[in-house]
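A closer look at the structure
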Amino acid sequence: MRLRFSRGVIAIAVIVVVLAVGISVGLYNLLKKTAPLVVTEAHCLVKTDKGELGLEPEQAQMSATIAAVAARRRLPERAVVIALATSLQESKLFNLKYGDRDSVGIFQQRSSQGWGSKKQLMDPVYASNKFFAALVKVKDYRKIPLADAAQAVQRSAGGYAYAVHEEDAKLLASAFTGRVPKALHCSYPPPKAQTPQPQPRTDEARRQLTRALGSTASTTERRGWLIASWSVAHAQKYGLRRVAYSGSAWSASAAASDDDGWQPTTKATTDAVELS
């Protein structure tokens, strides 16, 4: 049976469709133009000319710690890339209290395999040092494929899987080693209403940085940006509201839509990284 519709019905249907499309487009444009007024969730972004990658604050902290420990041991950026790719595969850069059998931490190291006690392995500084101590014993680790170098340390059941994280690890390493300045920006939500603003614990932040990095003096610009990135990644943990270095400053109150995060500062900054 053939259905027939009057011209009036067809006209009404067309009008309804046009109105629906118009309302949808208008709503889309309105939402697109309306920037969020406040940051509702803490998040970090690594952004360079090679790409960008979003991180949770803990992932940024683990990345910064790995890079700092490597710098203390005077290891090349390739070592940082291998370590970051390994952690991305093993724990997604989270300091996990659980894993396969007795595996824990950012590298899922096992006490039963001689890596250390569970308490030690849950310390990212200790775990990173143990990883790098094993990595430097791998012959030609700077030249061989990343998966081969990581597998020589981890002896995982699926060592091939480390390779898929190489590009992300390179991006993260360029930011957290300080090679690319101002590459990390983290946005942290303001305290809830009537909640007092915590005082910055700058001394504690510097003590923890020293545990990973050793001397916190900015002897080179690259080292200065490594310290600055570490500080931004740990800003929420230690109540830091501002990090300044080399004529630029990061603020925890920067808008979520501000992809750059680092802004020129009129306040004179010395060669040292300033925390407040």
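**A closer look at unusual backbone geometry**
Phi at R74 is positive, roughly 60°, even though this residue is not glycine. The topology assignment puts R74 in the loop between α2 (57-72) and α3 (77-91). Owing to a relative accessible area of 77%, R74 belongs among the exposed residues under this scheme.

**Section: the nonpolar core**
Judged by nonpolar contacts, the single largest core of 71 residues is most densely connected at I66, F132, L135, F176 and W250. When residues no more than four places from it in sequence are discounted, the contact partners of W250 are H185, C186, Y188, V232, A235, L240, R241, R242, V243, G261 and W262.

**Details of the environment of P190**
Looking at where P190 falls in the secondary structure, it is placed in the loop between β5 (184-187) and α8 (202-213). Take P190: its relative accessible area is 45%, and that puts it in the partly exposed class.

**Observations concerning helix α5 (residues 124-135)**
When the terminal C-alpha atoms of α5 are compared, their 16 Å separation across 12 residues agrees well with the 16 Å that a helix rising 1.5 Å per residue should span. Inspection of α5 places P124, V125, A127, S128, F131, F132 and L135 among the buried residues, and these make up the whole buried set. The arc that holds the buried residues of α5, viewed along the axis, is 165°, so those residues lie on one side. Its buried side turned inward, α5 meets α2, α3, β4 (109-110), α4 (118-121), α6 (146-154) and α8. The N-cap of α5, judged by a side-chain oxygen 3.1 Å from the amide nitrogen of V125 a few residues on, is D123.

**Some details on the state of the cysteines**
Taken as a whole and assessed by the stated rule, the structure comprises one disulfide. In this model C44 forms its disulfide with C186; the gap between the sulfur atoms is 2.0 Å. Of note, the bridge from C44 to C186 carries an S-S torsion of about 105° and is right-handed in sense. A residue pair is termed long-range when its members are at least 10 positions apart, and C44 in strand β1 (residues 43-48) and C186 in strand β5 qualify at 142 residues. In this structure C44 comes out as buried when scored by relative accessible area, which is 2%. Judged by its relative accessible area of 0%, C186 falls in the buried class.

**As for the confidence of the model for the protein**
Chain-level statistics for the protein give a pLDDT mean of 84 and a share of 80% at 70 or above. Under a pLDDT of 50 for its full length, residues 1-5 has, in the predicted model, one contact with residues more than four places off or in other chains. Note on residues 13-39: pLDDT under 50 across the span, and eight contacts to partners over four residues away in sequence or across chains.

What counts, and where the lines are drawn
- Residues numbered from 1 in each chain as written.
- Predicted model: local features only at pLDDT ≥ 70, side-chain atom pairs only at ≥ 80, totals over all residues.
- Heavy atoms only, no water.
- Helix = DSSP H or I, 4+ residues; strand = E, 2+ residues; numbered from the N terminus.
- Buried < 20%, exposed > 50% of the residue type's maximum accessible area, 1.4 Å probe, protein only.
- Core = buried A, V, L, I, M, F, W, Y, C linked by side-chain atoms within 4.5 Å.
- Contact = heavy atoms within 4.5 Å.
- Expected span 1.5 Å × (residues − 1).
- Arc of directions from axis to C-beta.
- Polar contact = N/O pair within 3.5 Å; in protein donor to acceptor, adjacent residues only side chain to side chain.
- Disulfide = S-S within 2.5 Å.
- pLDDT = per-residue confidence, 0-100.

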